[in-house]
Amino acid sequence: MTNKEHESIIKEAKEADFCIVGAGPAGSILAKELSEAGYLVVVLEAGPLMDPQSEWVSDELEMNKQLAWTDLRLIEGKDPIKMGHNNSGRGVGGGTNHFSAVSLRFHPSDFKVKSNEGVAEDWPIDYEDLEPYYSKVEREIGVSGPKYFPWEPFHGPYPLPERNPLNAVAEVFRLGCERLAIRSSPAPLAILSAPYNDRPPCTNRGFCNQGCIPNAKYSALITHARWAADAGADIRPNCMASRVIVSKGRASGVEYFHQGQEYFLKAKVVILSASVVETPRLLFNSSTAQFPDGLANNSGMVGKNLMPHSSHDVYARFNKEIRPYKGTPVMALTMDFYETDPKNGFARGFIINSHGFRPVSFVSQIAGHYLIYGEELRNLTLDYNYYSRITLIGEVLPDVKNCVTLDGNLKDQYGLPVPRISFSYGPNDLAIIDKGIEKCKDIMEAADGRVEYVVADTAHLMGTCRMGNDPQNSVVNEFCRSHDIPNLFICDTSVFVTSTPANPTLTLMAIAQRTADYIKRAAAAREI
Amino acid sequence: MRGHYKEFDVLRSFVKWDERTQRLIKDRMASGEKVVFFSEQEQELLLAVLEVVLAEKDEKLLKRVAAYIGDSLGNGHGKGYRDAALPDEKDLFRKGLQGIVDTAHELYQGRDFSKLTLEEKIAVIESLKSGQGRGITWQSIDSKKFFKELLTAAVSSFYSQPEIWSEIGYAGPAYPRGYVRVELGGQDPWEARKND
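Residues numbered from 1 in each chain as written. Chains lettered and ligands numbered in written order. Predicted model: local features only at pLDDT ≥ 70, side-chain atom pairs only at ≥ 80, totals over all residues.

1. Focus: the overall build of chain A
The number of helices and strands found in chain A is 13 helices and 20 strands. Here the C-alpha atoms of chain A give a radius of gyration of 22 Å, agreeing with the 24 Å that 2.2 N^0.38 yields for 528 residues. Along the longest, intermediate and shortest principal axes, the C-alpha atoms of chain A span 65 × 50 × 50 Å. Put simply, chain A has 528 residues, and 60% of those count as buried. Long-range contacts, defined as pairs at least 24 residues apart, comprise 74% of the intrachain contacts of chain A with a sequence gap of at least 6. (Helix = DSSP H or I, 4+ residues; strand = E, 2+ residues; numbered from the N terminus. Rg over C-alpha atoms; globule rule 2.2 N^0.38 Å. Buried ≥ 20, exposed ≤ 12 C-beta atoms within 10 Å, placed from the backbone. Contact = placed C-beta atoms within 7 Å.)

2. Section: the interface of chain B and chain A
Facing 44 residues of chain B, the contacting portion of chain A comprises 52 residues. Put simply, the parts of the chain that give the side of chain B that touches chain A at least two residues each are α1 (19–30), α2 (40–53), β1 (82–83), α5 (118–129), α6 (143–158) and α7 (162–168) of chain B. Among the elements that make up the side of chain B that touches chain A, the one with the highest residue count is α6(B) (seven residues). Tallied by class, residues from the side of chain B that touches chain A come to 23 nonpolar, twelve polar and nine charged. Note: strand β3 (residues 74–76) of chain A against β1(B), two bridges, orientation parallel. What sits directly across from A:Leu74, in β1(B), is B:Arg82. (Nonpolar A, V, L, I, M, F, W, Y, C, P; charged D, E, K, R; others polar. Pairing = 2+ DSSP bridges.)

3. A few points about the sheet that holds β3(A)
Here four strands make up an open sheet; going across it, the order is β16(A)-β17(A)-β3(A)-β1(B) and the pairing mixed. The strands lining the two open edges of the sheet, one partner per strand, are β16 (403–411) of chain A together with β1 of chain B. Relative to strand β17 (residues 417–422) of chain A, β16(A) runs antiparallel, the two sharing five bridges. Among the inter-strand pairings, A:Leu406 is bridged to a residue of β17(A), identified as A:Pro419.

4. Some points on the pairing of strand β1 (residues 16–21) of chain A
Residue and element names in this part refer to chain A. Counting buried positions along β1 yields five of six residues, so the element is predominantly enclosed. Bridge analysis of β1 against strand β10 (residues 261–272) gives five bridges, and the strand direction is parallel. Across the sheet, the residue bridging to valine 21 is leucine 272, located in β10. Relative to strand β2 (residues 41–44), β1 runs parallel, the two sharing four bridges. The residue bridging cysteine 19 from the neighbouring strand is valine 42, located in β2. Crossover β1 to β2 through helix α2 (residues 25–36) is right-handed. (Right-handed = clockwise from strand over helix to strand, strands pointing away.)

5. A few points about unusual backbone geometry
Residues A:Asn164 and A:Pro165 are joined by a peptide bond in cis, for which omega reads 0 degrees. For the bond running from B:Tyr175 to B:Pro176, omega is 10 degrees, close enough to zero to count as cis. Within the secondary structure layout, B:Pro176 lies in the segment after α7. Positive phi, close to 75 degrees, is recorded for A:Asn215, a residue that is not glycine. Along the chain, A:Asn215 falls in the loop between β6 (185–186) and α8 (224–230). Positive phi values are uncommon outside glycine, yet A:Arg323 reaches one of about 55 degrees. The residue A:Arg323 is located in the loop between β12 (313–317) and β13 (332–334) in this model. Owing to 31 C-beta atoms within 10 Å, A:Arg323 belongs among the buried residues under this scheme.

6. Topic: the packing of α2(B) against helix α3 (residues 59–74) of chain B
All names here are of chain B. Packing of α2 against α3 leaves a shortest axis separation of 10 Å and a crossing angle of 120 degrees. The orientation of α2 relative to α3 falls into the category oblique. The way α2 lies across α3 gives a crossing that is right-handed. Contacts between α2 and α3 involve Gln43, Leu46, Leu47, Leu50 and Glu51 on the former and, on the latter, Leu62, Lys63, Val65 and Ala66. Here the residues of the contact of α2 with α3 are counted per class, giving six nonpolar, one polar and two charged. (Axes fitted to C-alpha atoms, helices over the stretch in contact; angles between N-to-C directions. Parallel < 35°, antiparallel > 145°, perpendicular 65-115°, else oblique. Left-handed = near helix turned anticlockwise from the far one by under 90°.)

7. Some thoughts on helix α11 (residues 374–382) of chain A
One full turn of an α-helix is made of 3.6 residues, so residues set three or four places apart face in the same direction. Of all the residues in α11(A), the buried ones are A:Leu377, A:Leu380 and A:Thr381. On an axial view of α11(A), the arc spanned by its buried residues comes to 95 degrees, and they lie on one face. At its buried positions, α11(A) is contacted by α10 (359–370) of chain A together with α7 of chain B. (Arc of directions from axis to C-beta.)

8. Observations concerning the environment of B:Ile136
The residue B:Ile136 is located in the loop between α5 and α6 in this model. Separated by 13 residues in the primary sequence, B:Ile136 and B:Glu149 have C-alpha atoms spaced 19 Å apart.

9. Observations concerning the nonpolar core
Counting 220 residues, the largest nonpolar core has A:Cys19, A:Val41 and B:Ala154 as its most contacted members. Each residue touching B:Ala154, except ones within four places of it in the same chain, is listed here: B:Leu50, B:Val53, B:Leu54, B:Val65 and B:Ile69. (Core = buried A, V, L, I, M, F, W, Y, C linked by C-beta atoms within 7 Å.)

10. Description of the pairing of β12(A)
Residue and element names in this part refer to chain A. Most of β12 is tucked away: four of the five residues are buried. Inspection of the sheet shows β12 paired to strand β15 (residues 387–394) by five bridges, in the antiparallel sense. If you follow aspartate 313 over to β15, its bridge partner there is threonine 391. When β12 meets strand β18 (residues 450–455), the two strands line up antiparallel, connected through five bridges.

11. Some thoughts on the environment of A:Asn197
Residue and element names in this part refer to chain A. Note that asparagine 197 resides in the loop between β6 and α8. Judged by the 13 C-beta atoms lying within 10 Å of it, asparagine 197 falls in the partly exposed class. Separated by 57 residues in sequence, asparagine 197 and glutamate 140 place their C-alpha atoms 8.9 Å apart.

12. Notes on the environment of A:Ser275
Residues and elements named next belong to chain A. Within the element layout of this structure, serine 275 appears in helix α9 (residues 275–285). A tally of 28 C-beta atoms within 10 Å means that serine 275 is categorised as buried. With 249 residues separating them in the primary sequence, serine 275 and alanine 26 have C-alpha atoms 9.3 Å apart. When neighbours within four sequence positions are excluded, serine 275 is seen to be in contact with Gly22, Gly24, Leu461, Asp492, Thr493 and Ser494.

So this is what it looks like as structure tokens:
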């Protein structure tokens, strides 16, 4: 879109009822719900609006770049977090364009870690608060899952049957589990096992992390963002929010860049859904005399308690072909080690996923971790088809020292300070990783695999604007409403209080649905 | 040809791929014709280093990898993060290549990297990999971190080449047809068949 076209759109739009920053899963749900309720919604998305069928390709190298947030971030700490394609999406759809689509509900214990274990913090909500929204989201996006999911609190049924057949990577994982009397199950996935809402079932091509071309995998791009646009939401791609403007203690709109020019969008309510790095960065960049340490930061908690999941990959070589490139990357999992086990000597736990892989991720992980090169590298990769992989998702406890801040010198292409992301594991996190790797090795060996490589990695990002009842130590309330600025909301995984051992997207979507309901109620009652 | 799949050529499936992917792979295979970002001397050195790091003699493959690295640096489209202790990627690669020159000179009485024997070249790489790279460049840059950046960029490109997919028995792009036999022991007719 040219600047001229953009300007004419802006003139027509006047003041938005809601300006949402970020068209990922949460921003898209809010846009859909609020525009369907009749409000004028504008979504500012830093990245492009892509068409999977005509713009995406079947290639790791190309898509890992195309779907990732590639603006510079500086990483530091004892365990610096690999960013980019690993955890950061760009464009309408956000991270869901390249996520693995594992769709788990949190457990009741996740919300009460401090009460139960004396570590971290409790959430201001319970499982029961999210339960109806989990059900709604699962139906909307078409989650496929087993007839009976073995773990509390939700045994199913899922809207669609489980994926069948499972791939070889999942089969050997489940065989290892079975021989050790560990329960395993096909994973609940936001990937279709049958036609649903004009979307076809999965063809097992295996490129979930490179963008699903057939639309079998849910993404916000092909669901909520489209439904929002159908309901009249104005979704503006290639619009990078630079500053939330406040006056007299209330947000009045958002400044943003489009094709090198700066614009201002006036809005009655501002909702930030820009995720764990960009949301706090925007709050910091919006500082004023009244809010010198960033907006919504009277608690000092903005940018703090950054949490990835520990996500170590365990590779084993088998004496038969696995062909790890086929099928959805994650097809089976165990949650037997999810809850605190007093015998362990640490709080909380982990899950283990079967986890397929294509050559670029396989070789760059192993070469990058072990610095293997030359003949040794070429020889090991000849056996690519004989490897299988299982992967940990380990809970990481919140720690205020792990944080997002702004760099004092470096600026990005918009002239905005570049974020610095500092992370180091704590003792409890490391104990979970040790135990998790031990279990992964046991499972691989029980399945007759020979464990060859264990590669340290992380997945997902949470925290940096956590929710809570106490304005002294949290940024937003249970409905994602800022404690300090009444018409500013934050709705992305930055509001997560703890990381839990579960993939976060389904829970984020349930939180977004709950927030949308609250906003509709509050707006109708003129309380915003 | 070495490995388990001597008969396999992933490009036999080329016509089954979607058009955009066909074009991408065709362009990738032709990408080694141009030198991007690097000076002539840098390019020559980079190719000599890649030959050792990837244990590959075929210059057309090495040139594609060099072109990928050069293109990533030259078009300013980064990978989205960098170690706060490292200079920006362009600087890192320029200085890192100079560092390899320095290390070779230090270890082998002023001889250039490309003039060394394979064993000597490996000794230079090992020096980098140890994090104790010899030479003045490595006083300000951690040679191990540079080597990791170089290696991961190189393998990401190298293992995206159809010739290498064929070597390791990877069936490549799979849109629109996908896979039917995904279970243990299952195999679609167009996938790589093991040597007899």
